[in-house]
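Analysis of the macromolecular model
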Amino acid sequence: MFSGRAWRLVAFGDPEEGIELQETVWAEPPPGQLLIRVRTAGAGFPDVLMAAGRFPLLGAPPFGLGEEAAGEVVAVPPGSRFAVGDRVAGITAFLEGWGGYAEYAYLREHSTVRIPPGMTDEQAGGFPIGFRTAYAALVERAPVEPGQTLLVLGAAGSTGAAALQLGRALGATTIAVAGGPEKLAFCARHGADHVVDHRAGDMTARIDAITQGRGVDLVYDPVGGATAATALRSIAPRGRIAVVGLASGSPVPLDPMDMLLRNYTAVGVLATPGEPAAEAAVWDRLADLAARGEITTPVGAVHGFHDVPRMIAAQAAPGPGKSVVRVA
């Protein structure tokens, strides 16, 4: 029987109270979860919302931060498909208050995968959320087909760079939209067939030139706001926009009459787990793509455990790539 006392970071949803290091007891995992000793944990914009108490899926704080983590399994419930000692990555039980910025973490069993050979701890810690979100958009909610054109906003960010790679693996032509030479170069290294700087020149004209006036079949939008509104001008007839997030601070402004007259669709994307066997199959497919080198975590900055509060504050305007926290 496992029972351990160790540290985790807890947010109180109040800027004055901030984030606190708290000693906690971890009990045996309940059915449907695993307990791991954390080596790395992935970071992202949702951490900003959680730390401020504004994450829409969570109740009242306090709660543990960190949606994803990787490490070694230390305890499993009866009948688990995992075993103690397995090296795994997955989505944490953050909705129940148990995040990944901790010495131990509970993972959702059916949103967990054995880490493919060759994947580093840093890549594993930042793998689950970005690629599961991209899969929900590009396969489940607004499927992109081989030969179609995929436009990715915020393409140098963690979920954007994941969508670039997955889209390319699915046979799409990819256009990355980001701001500045550093981020554009990052996108070119991570699956972008074309890059567009939304800060320089006429974004619509550039996309028109790339697509020879046809427009794009799918817009992947984790950004929202004015950038997404501009991207909508380039959507092709019968195209789709996958609404993934609002890193700009506001969602994409949708005009139903414009959607009607130009015949395009908006699809909301939330990567909620489905039936357990089907969900496990999704993770197995993602792990296979990673093992074959078709997708890889776009690791950016790597932070120490005690740098997490400063790192979270920077997620509102991060550098290129996936921020990862090294815990062990």
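So, here's what we can say about the structure.

Criteria and cut-off values
Residues numbered from 1 in each chain as written. Predicted model: local features only at pLDDT ≥ 70, side-chain atom pairs only at ≥ 80, totals over all residues. Heavy atoms only, no water. Phe/Tyr/Trp six-rings, centres within 6.5 Å; stacked < 30°, edge-to-face > 60°. Buried < 20%, exposed > 50% of the residue type's maximum accessible area, 1.4 Å probe, protein only. Lys NZ or Arg CZ within 6 Å of the ring centre and 35° of its normal. Helix = DSSP H or I, 4+ residues; strand = E, 2+ residues; numbered from the N terminus. Expected span 1.5 Å × (residues − 1). Contact = heavy atoms within 4.5 Å. Salt bridge = Lys/Arg side-chain N within 4 Å of Asp/Glu carboxyl O.

Describing the packing of aromatic side chains
Within this structure, the stated rule accounts for 4 aromatic pairs. Geometrically, the ring pair formed by phenylalanine 127 and phenylalanine 131 is tilted, given 5.0 Å between the ring centres and 35° between the ring planes. Pair check on accessibility: phenylalanine 127 and phenylalanine 131 agree, each one buried. Each residue in the set Trp26, Trp98, Tyr104 and Tyr106 is aromatic and connected to the rest through ring pairs, giving one cluster. The side chain of arginine 8 reaches across the aromatic face of tryptophan 98, ending 4.4 Å from its centre.

Thoughts on helix 9 (residues 276-291)
The terminal C-alpha atoms of helix 9 lie 22 Å apart, and with 16 residues this matches the ideal 22 Å at 1.5 Å per residue to within 8%. Every buried residue of helix 9 is listed here: Glu279, Ala280, Val282, Trp283, Leu286, Ala287, Leu289 and Ala290. Here the buried face of helix 9 lies against strand 6 (87-92), strand 7 (104-114), helix 3 (128-141) and helix 4 (158-169). Note on helix 9: the residue one or two positions beyond its end, glycine 293, has a positive phi of about 80°.

Focus: the side chain of serine 323
When you line up the elements, serine 323 lands in strand 15 (residues 322-326). Note on serine 323: relative accessible area 7%, which makes it buried.

As for the pattern of salt bridges
Applying the stated criterion to the full structure yields 14 salt bridges. Across the salt bridge formed by glutamate 72 and arginine 39, the nearest N and O atoms sit 3.8 Å from each other. With glutamate 72 in strand 5 (residues 68-75) and arginine 39 in strand 3 (residues 33-42), this pair connects stretches of sequence that are 33 residues apart. A salt bridge links arginine 292 to aspartate 288; the shortest N-O distance between them is 2.9 Å.

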